[in-house]
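# Tertiary structure, described
So you can see what is in the structure, the chains are spelled out below.
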Amino acid sequence: VTRIRIDISTPLNSGYDVTVEPGALRTLGDSIHSLVPAHRYALITDSNVAQHWGGAVLSALAAAGLTTELITFSAGEAQKSRETWSALTDRLLALGFGRDSAVLALGGGVVGDLAGFVAATFMRGIPYVQLPTTLLAMIDASIGGKTGVDAPTGKNLVGAFHQPRAVIADPETLSTLPEVELRGGLAEAVKHGAIADSGYLAWIEAAIVSILSLDAATLTGLILPSIRIKANFVAEDTNEGGARAALNFGHTIGHAVERASSYGLHHGHAVAIGMVAEARLGEALGITSAGTADRLANLLRTLGLPTAIPAAYPIDQLIGFMASDKKARAGDTRFALIAQPGEMARGPAGSWTIPVPAEAVRSTLSRIRD
Ligand SMILES: NC(=O)c1ccc[n+]([C@@H]2O[C@H](COP(=O)([O-])OP(=O)(O)OC[C@H]3O[C@@H](n4cnc5c(N)ncnc54)[C@H](O)[C@@H]3O)[C@@H](O)[C@H]2O)c1
Ligand SMILES: [Zn+2]
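Read on for a plain summary of the structure. (Residues numbered from 1 in each chain as written. Chains lettered and ligands numbered in written order. Predicted model: local features only at pLDDT ≥ 70, side-chain atom pairs only at ≥ 80, totals over all residues. Heavy atoms only, no water.)

A separate point is the coordination of the zinc ion (ligand 2). When a metal carries six donors in an octahedron, the ideal angles between them are 90 or 180 degrees, while four donors in a tetrahedron ideally lie at 109.5 degrees. Protein-derived ligands of the zinc ion (ligand 2) are Glu188 (OE), His251 (NE2) and His267 (NE2), with the metal-ligand distances lying across 2.0 to 2.1 Å. Going along the chain, you hit the donors of the zinc ion (ligand 2) in the pattern E-x62-H-x15-H. Taken as a pair, His251 in helix α9 (residues 251-260) and His267 in helix α10 (residues 267-284) lie far apart in primary sequence, 16 residues in all. (Donors = N, O, S within 2.8 Å, 3.2 Å for Na, K, Ca; no water. Helix = DSSP H or I, 4+ residues; strand = E, 2+ residues; numbered from the N terminus.)

Positionally, Pro132 belongs in strand β6 (residues 128-132). By relative accessible area, Pro132 is classed as buried at 3%. Separated by 41 residues in the primary sequence, Pro132 and Thr173 place their C-alpha atoms 8.8 Å from one another. (Buried < 20%, exposed > 50% of the residue type's maximum accessible area, 1.4 Å probe, protein only.)

It is worth spelling out the pattern of salt bridges at this point. For the structure shown, the criterion picks out 13 salt bridges. Measuring nitrogen to oxygen at the nearest pair gives 2.8 Å for the salt bridge that ties Lys80 to Asp113. A residue pair is termed long-range when its members are at least 10 positions apart, and Lys80 in the loop between β4 (68-73) and α3 (82-94) and Asp113 in helix α4 (residues 109-121) qualify at 33 residues. Asp113 gets classed as buried once you look at its relative accessible area, which sits at 14%. For Asp294, the salt bridge is made with Arg280, and the minimal N-O distance between the two is 3.2 Å. A residue pair is termed long-range when its members are at least 10 positions apart, and Asp294 in helix α11 (residues 292-302) and Arg280 in helix α10 qualify at 14 residues. For Asp294, a relative accessible area of 44% corresponds to the partly exposed category. (Salt bridge = Lys/Arg side-chain N within 4 Å of Asp/Glu carboxyl O.)

We now examine the site of ligand 1. Residues in contact with ligand 1 amount to 26 residues; listed here are only the nearest, Asp46, Glu77, Gly109, Thr134 and Thr176. Looking at the shell around ligand 1, the elements that each hand over two or more residues are α2 (47-63), α4, α5 (135-141) and β8 (154-161). Ranked by residue count, the leading element in the shell around ligand 1 is α2, at four residues. Residue composition of the shell around ligand 1, by class: eight nonpolar, nine polar and nine charged. (Near = heavy atom within 4 Å. Nonpolar A, V, L, I, M, F, W, Y, C, P; charged D, E, K, R; others polar.)

A few words now on α11. Along α11, the residues classified as buried are Thr292, Ala293, Leu296, Ala297, Leu299 and Leu300. Down the axis of α11, the smallest arc covering the buried residues is 170 degrees, so these residues share one side. Contact partners of the buried residues in α11: α6 (179-196), α7 (198-212), α10 and β11 (338-340). Count one or two residues on from α11 and you reach Gly304, which has phi positive near 85 degrees. (Arc of directions from axis to C-beta. Contact = heavy atoms within 4.5 Å.)

A large share of strand β5 (residues 101-107) lies buried, amounting to seven of its seven residues. Across the two faces of β5 the burial is the same, with Ser101, Val103, Ala105 and Gly107 and Ala102, Leu104 and Leu106 all buried. Strand direction decides the pairing type here: strand β3 (residues 40-46) and β5, joined by six bridges, are parallel. Bridging across to β5, Arg40 finds its partner in Ser101. The sheet contact formed by β5 and β6 spans five bridges and is parallel. Among the inter-strand pairings, Leu104 is bridged to a residue of β6, identified as Val129. Note that the unit made of β5, α4 and β6 has a crossover that is right-handed. (Pairing = 2+ DSSP bridges. Right-handed = clockwise from strand over helix to strand, strands pointing away.)

This is how it looks when you write it as structure tokens:
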């Protein structure tokens, strides 16, 4: 199987196909026009992805007779801004794009979020297709329809829900991805196993060597179930508030660690640390089954990811960052914890998050520092 259907029903969208297929970008022209018929296409990408894959995608589209403009911006999270959004929409207007056009977002999560937000807002919304080229974008950012940009005061503060018409992931693009990015994406795949599917977790444990050697069939086998897991949580909870919180496993402590590093640590690497810490926290509270944290730590370490909180980060600062996290409410910090590998723990009244007093967090964090 290389294609799964995602049923995220919104008033404007009844679901869409996600294809994961080695070589899919080289044959893109055949599928794009039927998936999203348009008069013209804006292929939006960043400077790195343009260099590696822009030419191949452009020629695939040209070979199918599609009129396409390549629109590029400088790579990096700093470009996920209203300024770049402005420049991209101005460029579309200058090129005479109208309602009968469509956006193709070729790149990692930065391109997907930004180009998706351009598609969500240009002429009050035009269709778009996600063509994710990082592992993180394939299994996480391209799924779920969240688009947007950062603001000076925080990430993802301005945006819109806008579901793509399709997601097409070509695992071959991962061959040019820097290793730190690949490993960061692997952390999110482990997270999907940890929160929803112990069989998938065990599959990753057994496939580590072929995953790291980028074997195409193995990558497809890694990516598809991961997308399915994310999509299931999103479909249950399209606009957030319930089940989607499970996807925050590892992220409450992970975000604090990421902030303590002044964003020098890659998000996925911070989440690896966060998952181990939150599993240890769950074990200390009697919520997570004993041995879970060690199992996750072993797997993540073998995948080349960090698992301990760097000693240089003051615990008080980390706790402070958690309290100002948008998921914290009234004193206690709420955590999405797992009961055991593959299964979420549920809080009071079936809630997907569990309030934990700062003292319990503090005592776990002080035990598990480097
Ligand atoms: N919308 C969502 O639901 C959602 C979910 C998770 C993350 N995100 C967002 O995703 C972003 C992070 O995404 P990311 O990790 O993909 O970062 P990214 O898009 O910045 O990509 C990472 C780096 O890899 C480069 N790159 C991408 N594909 C490449 C390839 N195939 N070969 C060589 N280089 C390549 C990029 O140019 C960039 O330098 C963040 O802005 C985050 O907020 C969104
Ligand atoms: Zn994440």
